[in-house]
Amino acid sequence: MKIKICGITNYEDAKIASDLGADAIGFIFYKNSKRFVSPENVKNIVDKLPPFLTKVGVFVNEEADIVNQIMKSCKLNIAQLHGDENLEYIYKINYPIVKALRVSQNYDYNILSEYSQHNILLDTYNDENFGGTGESFKWENIPFEIKQKIILAGGVSENNLEEIFKKINPYAIDVSSSLEIFPGKKDHERLIKLFWKLNELRKEIEHR
């Protein structure tokens with residue numbers, strides 16, 4: 001199970017996430033987000049990071065040309081689309097895609113088949129926010145056949161890591177608000193605890 005730390009706004013948080021073993025870090029370019037970071041700042045951060053750390057740009061209903069421009073100028077690897085982007089839009093993006101889908105109470109998982117050629121992230125639906133709510137959805141409703149293929153977001157924290165690992169075992173988890181002192185600033189102690197817990201769970205599986 002891979003791990004992405006999202007909502008990075010400064011080099012110190014990016015560095016410790018990388019040092020602890022994050023597979024990916026995410027930068028949010030949605031201006032209405034509390035975790036918005038400018039392309040200029042992201043360029044400065046990325047230039048100091050290891051080359052094999054995956055850097056993800058998070059966008060919400062942004063113009064495709066602007067997405068491509070920011071991705072190129074910031075030297076990012078994957079575009080995460082967190083809005084209402086359809087397949088026609090996705091094909092305009094020149095980079096690998098993670099399509100975020102927000103899961104409501106009576107969500108129709110058949111929708112996922114439309115995005116079968118792309119990586120899928122499942123997050124919690126909220127009327128006011130496109131992610132970063134810190135709230136989880138009904139994970140038990142995720143169809144068995146896709147559990148290990150998805151990226152899981154929404155309310156992921158050290159406290160439910162064991163449940164996620166054993167009951168879902170998704171391809172990756174996407175963690176943001178549960179690790180924060182305030183929006184956009186990570187608590188390094190929480191980061192350390194999260195990775196320690198994840199590594200312990202990985203060892204437990206290996207020894208079975």
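Our structure's up above, just so we're on the same page.
Predicted model only: the values in this text are computed from it and were never measured.

(A) Structural detail: the overall build of the protein chain. Counting its regular elements, the protein chain contains six helices and 10 strands. Taking 17 Å as the expected radius of gyration for a compact globule of 208 residues, we find that the protein chain reaches 16 Å, a close match to that expectation. With the C-alpha coordinates of the protein chain rotated into their principal frame, the extents come out at 45 × 40 × 30 Å. Buried residues in the protein chain amount to 50% of all 208 residues. Contacts in the protein chain between residues at least 24 apart in sequence constitute 52% of all its contacts with a sequence separation of at least 6. For the protein chain, the exposed area adds up to about 10900 Å²; of that, 46% sits on carbon and sulfur atoms.

(B) Summary view of the pattern of salt bridges. In this structure the tally under the stated criterion is 12 salt bridges. Several salt bridges share partner residues, and in doing so they unite Glu162, Lys166, Lys197 and Glu204 into one network.

(C) Expanded view of the sheet that holds strand E4 (residues 78–81). A barrel is described by the order of its strands in space; here eight strands give the closed sequence E1-E2-E3-E4-E5-E6-E7-E8, paired in parallel fashion. Both strand E3 (residues 54–59) and E4 contribute to a ladder of four bridges, which runs parallel. Note that in E4 the partner of Val56 across the bridge is Ile78.

(D) Region of interest: the pairing of strand E1 (residues 2–5). Relative to strand E8 (residues 172–175), E1 runs parallel, the two sharing four bridges. For Lys2, the partnering residue across the bridge sits in E8 and is Ala172. With helix H1 (residues 11–20) bridging E1 and its parallel neighbour strand E2 (residues 24–28), the resulting β-α-β unit is right-handed.

The rules we used
- Residues numbered from 1 in each chain as written.
- Predicted model: local features only at pLDDT ≥ 70, side-chain atom pairs only at ≥ 80, totals over all residues.
- Heavy atoms only, no water.
- Helix = DSSP H or I, 4+ residues; strand = E, 2+ residues; numbered from the N terminus.
- Rg over C-alpha atoms; globule rule 2.2 N^0.38 Å.
- Buried < 20%, exposed > 50% of the residue type's maximum accessible area, 1.4 Å probe, protein only.
- Contact = heavy atoms within 4.5 Å.
- Areas by Shrake-Rupley, 256 points an atom, 1.4 Å probe, with all protein chains shown as cover.
- Salt bridge = Lys/Arg side-chain N within 4 Å of Asp/Glu carboxyl O.
- Pairing = 2+ DSSP bridges.
- Right-handed = clockwise from strand over helix to strand, strands pointing away.

That is the geometry; function is a separate question.
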